[in-house]
Amino acid sequence: MKILIAEFAVGTDIEKSLIPEGAAMLKTLAESFVRVGHEVYYPSAGTEIGAGTSLKSTVENFGQVVEREAKKCDAGLLIAPDGMLPELNRALEENTVNLGCSPESAACCADKVLCTEVLKKAGIRVPEIAERAEKGKKYVIKPRFGCGAEATSLVTEFEKTEAFIANDCIASEYIEGKHLSVSLIAGEKPLPLTVNRQFIEFGEKKAGDEENSEKTGISGIKYNGSLTPYRTPRKEELYETAISAVKCLGCFGYVGVDIVLSDLPYVVDVNPRPTASLFGISRVMKEEIGDLLLRNRFGELPDSVRIEGEYHFSKDMLGELFGKN
């Protein structure tokens, strides 16, 4: 089969800081599909991954390249910022077989307010979205539409100022606990892959924010890699939570469910696309991720996957591996 894998950072070169993670996911997927006998094509604005065939693209024509090349391929998979994913997945779906989430499901996951409401209605524990700050509590401020720890802060106070509203931010209660994620293949028969430990760093805001930081207790939140798998006696509880989340959101394909494990598991984000954890998973999972994604769409998934050993990576490590071309 001919497989199109379109990763936004590599395909546009618009945000160089995101290229290492994007290239790591893209290379992992491309190499897997090639190993199981398929041809891989990927848009690139300059980054080469050493697997598959690159197709010249730019930030201006990325969507057009996806649409054009999808017509020539048997199946495709997209990795892009959550807010752009619905539109790009629609272009993919109209021209080939989409191995990922539907545009509708991706749109629901991208909207943190809507996603929270859907999960809460289904009885899945989520951090409450707050309208005002209460003394003694901490809150996570983040864009309503965003991915990862992008523009995310931990605060003790907040006000819904004009800037807050203009930037379309939300404030949700901060849950103390272990920062984990569950990676799984969602579909008719959801297949959990691993529980991952996420390394989240809390640090000072940039220079110039000192006065504001002192007043509101602001600290930045930054994702800095994962440990795969994270061994915990609560694995089945975490798997059940993640499966319930992707089912009620109608997800399909590879999904990463971010969970804070406190006295109970709280779902804090649902990523309807491959995530950086895949880079580590591919090094401990005996099955090929490419084969699993195709079997999810065209065949039947196994009951479980085989995991041997563990793998830890940091963002700095990905930068060293994929930061230079």
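Residues numbered from 1 in each chain as written. Predicted model: local features only at pLDDT ≥ 70, side-chain atom pairs only at ≥ 80, totals over all residues. Heavy atoms only, no water.

Where an unreviewed UniProt entry is consulted, the protein appears under the name COG1821 family protein, with the organism given as Methanosarcina siciliae T4/M.

Participant: Break down unusual backbone geometry for me, with residues and values.
Facilitator: Trans is the prevailing form of peptide bonds, just as negative phi is the prevailing case for residues other than glycine. In this chain, Thr 228 is followed by Pro 229 through a cis amide linkage whose omega measures -10°. Along the polypeptide, Pro 229 turns up in the loop between strand E11 (219–228) and helix H9 (235–249). (Helix = DSSP H or I, 4+ residues; strand = E, 2+ residues; numbered from the N terminus.)

Participant: So, the pairing of strand E9 (residues 178–186): which residues are in play, and what are the values?
Facilitator: In terms of burial, E9 is largely enclosed, as eight of its nine residues are buried. Pairing of E9 with strand E12 (residues 253–261), which is carried by nine bridges, proceeds in the antiparallel orientation. Pairing of Ser 181 across the sheet is with Asp 258, part of E12. By the bridge criterion, six bridges tie E9 to strand E10 (residues 191–203) in an arrangement that is antiparallel. Across the sheet, Leu 184 pairs through a bridge with Pro 192, a residue of E10. Linking two consecutive strands that pair antiparallel, namely E9 and E10, is a turn of four residues. (Buried < 20%, exposed > 50% of the residue type's maximum accessible area, 1.4 Å probe, protein only. Pairing = 2+ DSSP bridges.)

Participant: Hey, could you go over the side chain of Ser 226 for me, with residue numbers and the actual values?
Facilitator: Within the secondary structure layout, Ser 226 lies in strand E11. Assessed through its relative accessible area of 0%, Ser 226 is described here as buried. One polar contact links Ser 226 to Tyr 223, side chain to side chain, over a distance of 2.7 Å. Within polar-contact distance, the side chain of Ser 226 engages the side chain of Ser 277 at 3.5 Å. Ignoring any residue separated from it by four or fewer positions in sequence, one finds Ser 226 in contact with Arg 197, Gln 198, Phe 199, Ser 277, Tyr 311, His 312 and Phe 313. (Polar contact = N/O pair within 3.5 Å; in protein donor to acceptor, adjacent residues only side chain to side chain. Contact = heavy atoms within 4.5 Å.)

Participant: Provide a residue-level description of the pairing of E11, including the pertinent values.
Facilitator: E11 sits mainly inside the fold: nine of its ten residues count as buried. As paired strands, strand E7 (residues 153–155) and E11 are joined by two bridges and run antiparallel to one another. By the bridge assignment for E11, Leu 154 is matched with Ser 219. Bridge analysis of E10 against E11 gives six bridges, and the strand direction is antiparallel. Bridge assignment links Gly 203 to a residue of E11, and that residue is Gly 220.

Participant: Residues and numbers for the nonpolar core, please.
Facilitator: Among the nonpolar cores identified, the biggest contains 37 residues, and Leu 193 and Ile 289 are the most heavily contacted of them. The biggest single contributor to this core is helix H2 (residues 19–35), with seven residues. Counting contributing residues per domain, this core is built from domain 1 (2–99) and domain 2 (109–322), each supplying no fewer than three. Leave out the neighbours within four places in its chain, and Ile 289 touches Leu 29, Ser 32, Ile 185, Leu 193, Tyr 254 and Leu 278. Membership of the second largest hydrophobic core comes to 27 residues, among which are Cys 101, Leu 119, Leu 238 and Val 270. (Core = buried A, V, L, I, M, F, W, Y, C linked by side-chain atoms within 4.5 Å. Domains from an automatic or database assignment.)

Participant: Which residues make up the domain arrangement of the protein, and what values go with them?
Facilitator: Partitioning the protein into domains gives domain 1 (2–99) and domain 2 (109–322). Centre-to-centre, using C-alpha coordinates, domain 1 lies 23 Å away from domain 2. In this complex, domain 1 contributes 26 residues to the contact, which on the side of domain 2 involves 28 residues. Taking both partners together, domain 1 and domain 2 bury about 2,300 Å²; carbon and sulfur atoms supply 71% of that area. Its largest share of buried area at the contact with domain 2, domain 1 owes to Glu 21, Asp 82 and Leu 99, together 27% of the area lost on that side. The tally of links between domain 1 and domain 2 comes to three salt bridges. For the pair domain 1 and domain 2, the interface holds seven residue pairs in polar contact (both at pLDDT 80 or more). When residues of the side of domain 1 that touches domain 2 are traced back to their parent elements, those giving at least two are H2, strand E4 (75–79) and strand E5 (97–98). Here the element with the most residues in the side of domain 1 that touches domain 2 is H2; it accounts for twelve residues. Of the residues in the side of domain 1 that touches domain 2, the class split is 17 nonpolar, five polar and four charged. (Buried area = accessible area lost by both parts, 1.4 Å probe. Salt bridge = Lys/Arg side-chain N within 4 Å of Asp/Glu carboxyl O. Nonpolar A, V, L, I, M, F, W, Y, C, P; charged D, E, K, R; others polar.)

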